Amino acid sequence: MWSGAVRAVSLRPVRAALDAAAGKPVDCRRVKCVALTFDDGPGRYTDTLLRHLAAHRARATFFVVGQNVAANPGIVRRTYAAGHEIAGHTWSHADLTKLSATGIRSQLTRTDRAIKAATGVTPRLIRPPYGAFNTAVRLQSPRPLVMWSVDTLDWLHRDSARVARKAVRSARPGSIILFHDIHPTTVRAIPRVLRKLSARGYHFVTVSRLYGDRPPRLVYGTTRRPRPAD
Ligand code: NI
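Here's a quick rundown of the structure. (Residues numbered from 1 in each chain as written. Predicted model: local features only at pLDDT ≥ 70, side-chain atom pairs only at ≥ 80, totals over all residues. Heavy atoms only, no water.)

**As for unusual backbone geometry**
How we decide: Runs of E in the DSSP output that reach at least two residues are strands. Runs of H or I that reach at least four are helices, and both are numbered from the N terminus.
Of note, the amide linkage connecting Gly41 to Pro42 takes the cis form, showing an omega dihedral of 0 degrees. Counting through the fold element by element, Pro42 comes out in the loop between strand S1 (33-39) and helix H2 (46-55). Phi at Asp40 is positive, roughly 80 degrees, even though this residue is not glycine. You can see Asp40 is positioned in the loop between S1 and H2.

Now the structure itself:
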């Protein structure tokens, strides 16, 4: 009985790897998952980041600023085509809590339109800049608001080793880790993050995948975290 249970558990990562190789989506109830998220882009370092992610077959979520998308639709199209999730981070990186209902809606819908024009799909998630939201923002937002559970403070500490260390030490199953791909120091930290967390058995998934494609209305990354098999 006991040995049977151990065998069943130990086979799960193998099955997950086979599923991944076959192109099946990762099941974060069975394996350890973490969601890497990149805000404020796209920017001049985003293509380099895409190469790092591809080298580890990692998927990530990009919370893009609408006016940057309009200026660089090609990079957003490439990001989406590589299997990453594109989500909204307002049109001009506005603090939504300082806007009227009309202002909030305008920030969100303009961004949706720019993303749809670039990728052909409407984004499913929103991250309010500064993580700032209130009741008005929640009422005007047609989709889940996504926060984070690990803040690397990469915008403050422009130090790749420090950023990587913070991400690796803080990661837990179900973590949503906040980065900004507009900083070269952050993009340089990512290969180390991918290597170290891969070695610990983590799979890198989009935020939507982390929640089995059904994220709750408000997401912090640890409030409803999927239970790993191990
Ligand atoms: Ni931001």
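**Regarding the coordination of the nickel ion**
This is how the line gets drawn: For Na, K and Ca the donor cut-off is 3.2 Å, while for other metals it is 2.8 Å, and in both cases only N, O and S atoms qualify; water is not among them, so sites may look incomplete. Burial here depends on accessible area, computed with a 1.4 Å probe over protein chains only, as a share of the maximum for the residue type. Under 20% is buried, over 50% is exposed, and the range in between is partly exposed.
Summarising the metal site, the nickel ion is bound by the protein donors Asp40 (OD), His89 (NE2) and His93 (NE2), whose distances to it range over 2.0 to 2.2 Å. One chain supplies every donor to the nickel ion, and in sequence these donors are spaced D-x48-H-x3-H. Of the two residues, Asp40 is situated in the loop between S1 and H2 and His93 in the loop between strand S3 (85-88) and helix H5 (101-119); the sequence distance between them amounts to 53 residues. Asp40 gets classed as buried once you look at its relative accessible area, which sits at 14%.

**Some remarks on the packing of aromatic side chains**
Each aromatic ring pair is summarised here by two numbers: the centre-to-centre distance and the angle between the ring planes. Just so we agree on the cut-off: Each pair of aromatic rings taken from Phe, Tyr and Trp, with Trp reduced to its six-membered ring, is defined by centres within 6.5 Å and is described as stacked if the planes are under 30 degrees apart, edge-to-face if over 60, and tilted in the remaining cases.
A full pass over the atoms with the stated rule returns two aromatic pairs. Both rings, one in Phe38 and one in Phe179, keep their centres 5.2 Å apart while their planes meet at 20 degrees; by these two values the pair is stacked. With a gap of 141 residues between them, Phe38 in strand S1 and Phe179 in strand S6 (residues 176-180) connect regions that are remote in the sequence. By relative accessible area, Phe38 is classed as buried at 1%.

**Comments concerning the pattern of salt bridges**
We count it as follows: Counted as salt bridges are all cases of a side-chain nitrogen of Lys or Arg within 4 Å of a carboxyl oxygen of Asp or Glu.
As enumerated under the stated definition, the model contains seven salt bridges in all. With a shortest N-O distance of 2.9 Å, Asp47 and Arg78 are connected by a salt bridge. In this pair, Asp47 is assigned in helix H2 and Arg78 in helix H4 (residues 73-81), connecting sequence segments 31 residues apart. By relative accessible area, Asp47 is classed as partly exposed at 29%. Between Arg209 and Asp213 there is a salt bridge; the shortest N-O distance is 2.8 Å. Linked by salt bridges that have partners in common, Arg124, Arg209 and Asp213 make up one network.

**A few points about the packing of H2 against helix H8 (residues 184-199)**
Quick reminder of the rule: Only C-alpha atoms enter the line fits that serve as axes; for helices the fit covers just the stretch in contact. Angles between N-to-C directions range over 0 to 180 degrees. Our angle categories are set so that under 35 degrees counts as roughly parallel, over 145 as roughly antiparallel, 65 to 115 as roughly perpendicular, and the remainder as oblique. Whether two residues are in contact is decided by their heavy atoms: any pair within 4.5 Å suffices. Note that Gly is not counted as nonpolar here; it falls among the polar residues with everything else outside the nonpolar set of Ala, Val, Leu, Ile, Met, Phe, Trp, Tyr, Cys and Pro and the charged set of Asp, Glu, Lys and Arg.
Between H2 and H8, the least distance of the axes is 9 Å, while the angle of their chain directions is 5 degrees. Accordingly, the angle class assigned to the pair H2 and H8 is roughly parallel. Note on element contacts: H8 touches H2 through Val187, Ile190, Pro191 and Leu194, opposite Thr48, Leu49, His52 and Leu53. Partitioning the contact of H2 with H8 into residue classes produces six nonpolar, two polar and no charged.

**A short note on the environment of Ala171**
With respect to the helices, strands and loops of the structure, Ala171 is situated in the loop between helix H7 (160-170) and S6. Here Ala171 falls in the buried class, since its relative accessible area comes to 5%. Taking the C-alpha atoms as reference points, Ala171 and Val150, 21 residues apart in sequence, are found 7.3 Å from one another. Among residues more than four places away in sequence, those in contact with Ala171 are Ile177, Leu197 and Tyr202.

**Overview of the side chain of Thr90**
Keep this limit in mind: Any pair of N or O atoms that falls within 3.5 Å is considered a polar contact. Within protein, one atom must be able to donate a hydrogen and the other to accept it, and sequence-neighbouring residues count only if both atoms are side-chain atoms.
In this fold, Thr90 is placed in the loop between S3 and H5. Note on Thr90: relative accessible area 1%, which makes it buried. Of note is the side chain of Thr90, whose polar atom sits 2.9 Å from the backbone nitrogen of His93. Setting aside its immediate chain neighbours within four residues, Thr90 contacts Val64, Val65, Gly66, Leu96, Gln107, Thr111 and Pro129.

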